[in-house]
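# Observations on the model geometry
For reference, the chains in residue letters:
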Protein chains: 2
Amino acid sequence: MNNTYVTMIRGEVPQHTPVWFMRQAGRSQAEYRRIKAKYSLFEITRQPELCAYITKLPVDEYNVDAAILYKDIMTPLVPIGVDVDIKAGVGPVIANPIRSMEDVARLRALDVEGELPYMIETIRLLTEEMLQVPLIGFGGAPFTLASYMIEGGPSKNYNKTRQMLVCRPDIWDALMEKLTQMTIAYLGAQIKAGAAAIQIFDSWVGAVNRAEYEVRIFPWMERIIGTLKQQYPEVPVTMFGVGTGHLLSLWRKLPLDVIGLDWRCTVAEASAMGIAQTLQGNLDPAYLFADWPIIRREIDRILEEGKAHGKHIFNLGHGVVPEADPDVLKRITAYVHEVTAK
Amino acid sequence: MNNTYVTMIRGEVPQHTPVWFMRQAGRSQAEYRRIKAKYSLFEITRQPELCAYITKLPVDEYNVDAAILYKDIMTPLVPIGVDVDIKAGVGPVIANPIRSMEDVARLRALDVEGELPYMIETIRLLTEEMLQVPLIGFGGAPFTLASYMIEGGPSKNYNKTRQMLVCRPDIWDALMEKLTQMTIAYLGAQIKAGAAAIQIFDSWVGAVNRAEYEVRIFPWMERIIGTLKQQYPEVPVTMFGVGTGHLLSLWRKLPLDVIGLDWRCTVAEASAMGIAQTLQGNLDPAYLFADWPIIRREIDRILEEGKAHGKHIFNLGHGVVPEADPDVLKRITAYVHEVTAK
């Protein structure tokens, strides 16, 4: 068992700096594309053997130190009553967006074992039999889930979401309450089934300013992460979002174990903010297309900053893009392992 | 003549804090929608009387202290050889995206008077006859223009743009050189025709990290702004972008007069960074849909921070959204004028 990911977060000395890539199971892999040509995302996640196989693919191909469960962040929304369709080239499209208190009231509680048994089964398969690295379970944070539910799909500026947060805090808080309860159940069930760690994706929360985050989002995140840490103190929790540099001074006060950085906030800058948690990141995926000496120089810089900080997990600063060359990802893992080997 | 906008930037004491709204001439106005139903954006800008009329509409309707020339940031790209089409609901779509050094070499120099005579004529009409407030000329910054030219249209993550910047600095720098020359000619011609101020929109440059900005973008911005300030020292230059908080420590070193803030970086935070320039902003447009006491409280906070900083122009933290109520915009202007009246 390669446990470098958890060892690093615990503050012990792993045999090398752990590496994994956000969206590592995905279109950058030929085998994934072959399967995806036949099945939709939701069709894959409903077949535990197939979903486990896809989750494990990048561990074998890239030699990364953690697997992350293959699924969409929309997964828990369907059973609570959200009509989601994943449209190719667009993303999740929602037929019944949230507009009123009644829309929020209609959302049901999530019964994970009853409604997502295939997810539980996938986690069991992976953790009991298949994987030699930790499995990271994950979920979208309430703001990010709410952004899809309110906008009705992907967005650039999240105008309707920010309008609800600012103008209708009553509806906003009711929605956060439902999504908070759902998220605790959803992430807790993944841990119970065998996930060794959790990553919360608050991908789009960078659209909110610090003052609004503090009042309308922070308390819910504190409750989610605090509840999980109370129930499962040994399971590390990571949070990641895009363009969240202005929120990190609040994130560091959350009971998180790991803070994921996008490509615009360096490990050194985050460290200088007094963040005590493990830092994860953050090679700009744009570098995946550069000549190797340019990539290597950038990795060296990130590893140096990570070493100065102490606890560091190597990752990209955003998800792997479909056009990425698998050989480059493989080479990056090998290089980080080699130069950080104890 | 109401010159509060320029007076504030000069560090003198205007009769009130000047107000204007990004995208103030636009779909929030009934009269604009009426005209837009008949003519495309490019058809409007080619008719100086009509374009001047639209530019002046918000000055009359909202009583703002500055006008901003109505046009698209794509305007100067068509004459240099970019095949741009503004698609409704999408934005600018470009049929011949930049992929190679040859694509950059094909871009022509801009002859503003020869190729955009209607823009010059619109500015003359406005400044010689129609306006009692300063006219702000504007242009997109090279990064933001390049992002459309490289992606082929609007984008969420600017992956191809960042890839070119990181992986092909030779092509990147050649493109920046062309766009820098073009921008100096384009903005200079607007000033010569009568524009009292310039705003540079580097709307999407927040996608780049600080280190890459410093090496691959800062020198071009320094040349553009430095050249304009040398030729027209009396004409204030503003820069604005979305999500640029991590770049402000570099922007403050540019020879800018005004730094525009989006809704995520407060005036107080920018002031605390040691920015000496006038700060412009930054009411979150989401507040336009709130009850008046909530809007007023937010305006009060922003004005207080502006007063503490010294030089402050009131604006939104992003453009007016089409759904905004004109009466709210009018009320905001009146309120800011009233509470800051000397």
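Everything quoted here is computed from the prediction, not taken from an experiment.

### Some remarks on the interface of chain B and chain A
A common measure of how large an interface is: the accessible area buried when the components associate. Contacts between the two partners involve 29 residues from chain B and, on the opposite side, 29 residues from chain A. Of the roughly 2500 Å² buried between chain B and chain A on both sides combined, carbon and sulfur atoms contribute 52%. Note that Arg162(B) and Asp284(A) form a salt bridge whose closest N and O atoms lie 2.3 Å from each other. Summed over the shared surface of chain B and chain A, the result is 14 residue pairs in polar contact (both at pLDDT 80 or more). Every element with two or more residues in the side of chain B that touches chain A is listed here: α10 (159–167) and α12 (210–216) of chain B. Sorting elements by how many residues they give to the side of chain B that touches chain A places α10(B) first, with 5 residues. Across the side of chain B that touches chain A, the residue classes tally to 14 nonpolar, 8 polar and 7 charged.

### Describing the environment of Gly245(B)
All names here are of chain B. Along the chain, Gly245 turns up in the loop between β6 (237–240) and α14 (248–251). Take Gly245: its relative accessible area is 34%, and that puts it in the partly exposed class. Taking C-alpha positions, Gly245 is 24 Å from Gly11, a pair spaced 234 residues apart along the chain.

### Side note on the packing of helix α16 (residues 292–309) of chain B against helix α17 (residues 326–340) of chain B
Residue and element names in this part refer to chain B. One can describe the packing of α16 onto α17 by two numbers: an axis separation of 11 Å at closest approach and a directional angle of 45 degrees. Put simply, α16 runs oblique to α17. Here α16 runs over α17; the crossing is right-handed. Seen from α16, the contacting residues are Trp292, Ile295, Arg296, Ile299, Asp300 and Leu303; seen from α17, they are Val328, Arg331, Ile332, Tyr335, Val336, Val339 and Thr340. When the residues that make up the contact of α16 with α17 are grouped by side-chain class, the tally is 9 nonpolar, 1 polar and 3 charged.

### Observations concerning the sheet that holds strand β8 (residues 278–283) of chain A
The pairing of strands in a sheet comes from backbone hydrogen bonds and takes either a parallel or an antiparallel form. Residues and elements named next belong to chain A. Ordered in space as β1-β4-β5-β6-β7-β8-β9, the 7 strands form an open sheet in which the pairing is parallel. The open sheet is flanked by β1 (67–68) and β9 (312–316), the only strands paired with a single partner. Two elements, strand β4 (residues 135–140) and strand β5 (residues 197–201), share 5 bridges in a ladder whose sense is parallel. Paired with Gly140 across the strands is Phe201, a residue of β5.

### Looking at the nonpolar core
Taken as a class, soluble globular proteins show a tendency for nonpolar side chains to be buried jointly. Membership of the largest hydrophobic core comes to 266 residues, with the highest contact counts inside it found for Tyr213(A), Ile332(A), Tyr213(B) and Ile332(B). When residues no more than four places from it in sequence are discounted, the contact partners of Tyr213(A) are Val205(A), Val208(A), Phe218(A), Pro219(A), Met221(A), Met239(A), Leu247(A), Leu250(A), Trp251(A) and Leu254(A).

### Some details on the state of the cysteines
Tallied over the full model, the rule gives 0 disulfides over all chains. Of all cysteine sulfurs, the one in Cys265(B) lies closest to Cys265(A), which takes part in no disulfide; the gap is 14 Å. Given a relative accessible area of 7%, Cys265(B) falls into the buried group.

### Notes on the sheet that holds strand β1 (residues 67–68) of chain B
All names here are of chain B. Pairing is parallel across the open sheet formed by 7 strands, whose spatial order is β1-β4-β5-β6-β7-β8-β9. With one partner strand each, in any of the chains shown, β1 and β9 (312–316) form the two edges of the open sheet. One ladder, built from 3 bridges, connects strand β7 (residues 258–260) with strand β8 (residues 278–283); its direction is parallel. For Gly260, the partnering residue across the bridge sits in β8 and is Gln280. Docked against the sheet, helix α11 (residues 169–193) engages β4 (135–140) and β5 (197–201), running at close to 170 degrees with respect to β4.

### Details of the UniProt feature "binding site: substrate" (unreviewed entry) in chain A
In the numbering used here, UniProt assigns the feature "binding site: substrate" (unreviewed entry) to Arg23(A), Gln24(A), Ala25(A), Gly26(A), Arg27(A), Phe42(A), Asp72(A), Tyr148(A), Ser203(A) and His318(A). Across 296 residues, the annotated set is spatially dispersed, with a maximum C-alpha separation of 22.9 Å. Along the chain, Phe42(A) turns up in helix α3 (residues 41–45). Classification of Phe42(A) by relative accessible area gives buried; the value is 18%. Once residues within four sequence positions are removed from consideration, Phe42(A) is found in contact with Asp72(A), Met74(A), Thr75(A), Val78(A), Val84(A) and Ile86(A). Within the fold, His318(A) resides in the loop between β9 and α16 (326–340). Overall, His318(A) belongs to the buried group, its relative accessible area being 15%. Sequence-distant contacts of His318(A), defined by excluding residues within four places in its chain, comprise Met22(A), Phe240(A), Val242(A), Trp263(A), Pro285(A) and Asn157(B).

### Digging into the packing of helix α8 (residues 142–151) of chain A against helix α9 (residues 159–167) of chain A
All names here are of chain A. It is at 8 Å that the axes of α8 and α9 come closest, and there the two elements cross at 110 degrees. As far as their axial angle goes, α9 and α8 are roughly perpendicular. Of the residues in α9, those in contact with Phe143, Ser147, Ile150 and Glu151 of α8 are Asn159, Lys160, Thr161, Met164 and Leu165. In terms of residue class, the contact of α8 with α9 is made up of 4 nonpolar, 3 polar and 2 charged.

### Digging into empty space enclosed by the protein
All chains considered together, the criterion is met by 3 cavities of 30 Å³ or more. Here the largest cavity is characterised by a volume of approximately 50 Å³. Around the largest cavity, the lining residues are Thr45(A), Cys51(A), Leu69(A), Tyr70(A), Lys71(A), Thr75(A), Tyr118(A), Met119(A) and Thr122(A). If you tally residues by element for the lining of the largest cavity, the top one is helix α7 (residues 117–130) of chain A, at 3 residues. Among the residues making up the lining of the largest cavity, the classes are represented as 5 nonpolar, 3 polar and 1 charged. Of the pockets and cavities examined, the second largest cavity occupies roughly 50 Å³. Top contributing element to the lining of the second largest cavity by residue count: helix α8 (residues 117–130) of chain B, with 3 residues. Looking at the lining of the second largest cavity residue by residue, the classes come out as 5 nonpolar, 3 polar and 1 charged.

### Concerning unusual backbone geometry
All names here are of chain A. Residue Asn282 is bonded to the preceding Gly281 through a cis peptide linkage, with omega at -15 degrees. As for its position among the elements, Asn282 is in strand β8. We note that Tyr158 has phi near 55 degrees; this positive angle belongs to a residue other than glycine. Summarising the element assignment, Tyr158 is placed in the loop between α8 and α9.

### Observations regarding the relation of the copies chain B and chain A
Each copy of the sequence occupies a distinct position, and chain B is placed on chain A by a rotation of 180 degrees and an axial shift of 0.0 Å, giving an RMSD of 0.0 Å. Read as a symmetry element, the transformation amounts to a two-fold axis. Minimal C-alpha separation from the rotation axis in chain B is found for Lys156(B), amounting to 3.3 Å. Of the residues that chain B buries at the interface, 100% are likewise interface residues in chain A, meaning the two copies contact each other through the same surface.

### Section: the side chain of Gln29(B)
Turning to its location among the elements, Gln29(B) is positioned in the loop between α1 (4–10) and α2 (30–36). Residue contacts for Gln29(B): discarding those within four places in its chain leaves Gln24(B), Leu57(B), Pro58(B), Glu61(B) and Tyr62(B).

Rules and cut-offs
- Residues numbered from 1 in each chain as written.
- Chains lettered and ligands numbered in written order.
- Predicted model: local features only at pLDDT ≥ 70, side-chain atom pairs only at ≥ 80, totals over all residues.
- Heavy atoms only, no water.
- Contact = heavy atoms within 4.5 Å.
- Buried area = accessible area lost by both parts, 1.4 Å probe.
- Salt bridge = Lys/Arg side-chain N within 4 Å of Asp/Glu carboxyl O.
- Polar contact = N/O pair within 3.5 Å; in protein donor to acceptor, adjacent residues only side chain to side chain.
- Helix = DSSP H or I, 4+ residues; strand = E, 2+ residues; numbered from the N terminus.
- Nonpolar A, V, L, I, M, F, W, Y, C, P; charged D, E, K, R; others polar.
- Buried < 20%, exposed > 50% of the residue type's maximum accessible area, 1.4 Å probe, protein only.
- Axes fitted to C-alpha atoms, helices over the stretch in contact; angles between N-to-C directions.
- Parallel < 35°, antiparallel > 145°, perpendicular 65-115°, else oblique.
- Left-handed = near helix turned anticlockwise from the far one by under 90°.
- Pairing = 2+ DSSP bridges.
- Core = buried A, V, L, I, M, F, W, Y, C linked by side-chain atoms within 4.5 Å.
- Disulfide = S-S within 2.5 Å.
- UniProt positions renumbered as here; feature names shortened; annotations may be inferred.
- 1 Å grid on protein atoms, 1.4 Å probe; cavity = no way out; pocket = protein on both sides within 12 Å on 5 of 7 lines; lining within 4 Å.
- Points joined across faces, edges and corners; volume = space filled by probe spheres on them.
- Least-squares fit on C-alpha atoms with pLDDT ≥ 70 in both.

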